[in-house]
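One letter stands for each residue in the lines below.
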Amino acid sequence: MIIPEIIFSGKKGDGPMRKKQYIQRRHKYFVLLVLEIIGAWILTVLVIQYCTSTQQPVKNTIPISRFVRPRQKEQTVNIPWNLILINHENYVPDGFRPDLTTLNNGCQVDRRILPDLQRMMDAARKRGLYPSVCSAYRTEERQTYLLERDINKYLNQGCTEAEAREKASRWVALPGRSEHQTGLAVDIVAVDYPVLDETQEKRKEQQWLMENSWKYGFTLRYPKNKTNITKIGYEPWHYRYVGKKAAREMKKKNMCLEEYIKYISGGM
């Protein structure tokens, strides 16, 4: 916020009065600035709490082990760290440990993606947009909880166990098969709309990210027209770091990560 300068002019004797008004105005603008900063901080905290909040205990519970499929063969393609493929067929390698760093709001990401993530967020804010990372790295235990929560939510709606498992897995990856466990994925929402649903795509923040995230090495991981490949429902808030070269090529060729890995491996 820029505090305007006041030019003193007028009749003789008006100086003290105008000076007093000047001081009062500066004080007013200072108070407004402090309130604006406090308000932004509170709103950010609320966004984080909303995105990571827990639900009330469910009536029915089913051990999560009932829904975890046997591990598939580990991916063997030799690819760099930024292109590691984690999905319904490729699990996080045993012993994998991301090199984490903590953001100001408490979320954690792989420290190697932080410079580009910061540049992307700064560029958005320079355009008057207010994106916020509401979820990033998750432990396998946290991922297990989220899946169990959604499965039980659908059970309480009257779904069978099979139906509940299928619906939940469309939105929450199985433990060990979530990109969030790599520290390379971030959920980004508009600060004034911290809701993880498809209407997020209507926010100016998401529209800008969809158009420009590739410039900073990020890609919209689960686009609407690739759900048959990713096996995950459309998520206009989930961005994955792949590096600038890969992001540029994926944008140009309209590829999701599964397609791109196949492409660079000579399968397309």
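Residues numbered from 1 in each chain as written. Predicted model: local features only at pLDDT ≥ 70, side-chain atom pairs only at ≥ 80, totals over all residues. Heavy atoms only, no water.

## Some thoughts on the overall build of the protein chain
Logical step 1: For the protein chain, the count of helices and strands is eight helices and six strands.
Logical step 2: Of the regular secondary structure in the protein chain, the N- to C-terminal order runs α-β-β-α-β-α-α-β-α-β-α-β-α-α.
Logical step 3: Within the protein chain, residue pairs in contact and separated by at least 24 positions form 67% of the contacts whose partners lie at least 6 positions apart.
Logical step 4: If you sum the accessible surface of the protein chain, you get close to 15600 Å²; carbon and sulfur atoms cover 53% of it. (Helix = DSSP H or I, 4+ residues; strand = E, 2+ residues; numbered from the N terminus. Contact = heavy atoms within 4.5 Å. Areas by Shrake-Rupley, 256 points an atom, 1.4 Å probe, with all protein chains shown as cover.)

## Regarding the environment of Asp-99
Logical step 1: In this fold, Asp-99 is placed in the loop between helix H1 (15-52) and strand E1 (100-102).
Logical step 2: The spatial distance from the C-alpha of Asp-99 to the C-alpha of Gly-183 is 8.0 Å, given a sequence separation of 84 residues.

## Observations concerning the sheet that holds strand E6 (residues 238-241)
Logical step 1: Ordered by their spatial adjacency, four strands build an open sheet running E3-E4-E6-E5, and the pairing between neighbours is antiparallel. Each of the sheet's edge strands pairs with one partner strand only, and the pair in question is strand E3 (131-135) and strand E5 (218-220). On average, each strand axis in the sheet is inclined to that of its neighbour by 40 degrees, with strand direction left out of account.
Logical step 2: In terms of strand pairing, E5 meets E6 through three bridges, oriented antiparallel. Counted as the bridge partner of Leu-220 is Tyr-239 from E6. (Pairing = 2+ DSSP bridges. Axes fitted to C-alpha atoms, helices over the stretch in contact; angles between N-to-C directions.)

## Points about the pattern of salt bridges
Logical step 1: Overall, the coordinates contain twelve salt bridges when judged by the stated rule.
Logical step 2: Across the pair Asp-110 and Arg-112 runs a salt bridge, and its minimum N-O distance is 2.8 Å.
Logical step 3: By relative accessible area, Arg-112 is classed as partly exposed at 40%.
Logical step 4: A salt bridge links Asp-116 to Lys-244; its shortest N-O distance comes to 3.7 Å. In this pair, Asp-116 sits in helix H2 (residues 114-126) while Lys-244 sits in helix H7 (residues 244-253), placing the two residues 128 residues apart along the sequence.
Logical step 5: Looking at Asp-116, the relative accessible area reads 7%, which means it is buried.
Logical step 6: Given the relative accessible area of 39%, Lys-244 is considered partly exposed. (Salt bridge = Lys/Arg side-chain N within 4 Å of Asp/Glu carboxyl O. Buried < 20%, exposed > 50% of the residue type's maximum accessible area, 1.4 Å probe, protein only.)

## Concerning the packing of H7 against helix H8 (residues 257-264)
Logical step 1: Axis separation between H7 and H8 bottoms out at 11 Å; the angle between their running directions is 105 degrees. Taken together, the axis directions place H7 and H8 in an arrangement best described as roughly perpendicular. Contacts between H7 and H8 involve Ala-246, Glu-249, Met-250 and Lys-253 from the first element and Leu-257, Tyr-260 and Tyr-263 from the second.
Logical step 2: Class assignment for the residues of the contact of H7 with H8 results in five nonpolar, no polar and two charged. (Parallel < 35°, antiparallel > 145°, perpendicular 65-115°, else oblique. Nonpolar A, V, L, I, M, F, W, Y, C, P; charged D, E, K, R; others polar.)

## Focus on unusual backbone geometry
Logical step 1: Backbone geometry at Lys-231 places phi at a positive 65 degrees, although glycine is not the residue there.
Logical step 2: Turning to its location among the elements, Lys-231 is positioned in the loop between helix H6 (227-230) and E6.
Logical step 3: Assessed through its relative accessible area of 40%, Lys-231 is described here as partly exposed.
Logical step 4: You will see that Asn-254, though not glycine, has its phi angle at about 55 degrees, which is positive.
Logical step 5: In this structure, Asn-254 sits in the loop between H7 and H8.
Logical step 6: By relative accessible area, Asn-254 is classed as partly exposed at 46%.

## A few points about the nonpolar core
Logical step 1: Ranked by size, the top nonpolar core spans 26 residues in total, and within it Leu-117, Met-120, Val-133, Val-186, Ile-188, Trp-208 and Phe-218 carry the most contacts.
Logical step 2: Secondary structure elements with two or more residues in this core: H2, strand E4 (185-190), helix H5 (204-212), E5 and E6.
Logical step 3: Sort the elements by how many residues they give to this core and H2 lands first, with five residues.
Logical step 4: With eleven residues, the next largest nonpolar core counts Leu-83, Ala-246, Met-255 and Leu-257 among its residues. (Core = buried A, V, L, I, M, F, W, Y, C linked by side-chain atoms within 4.5 Å.)

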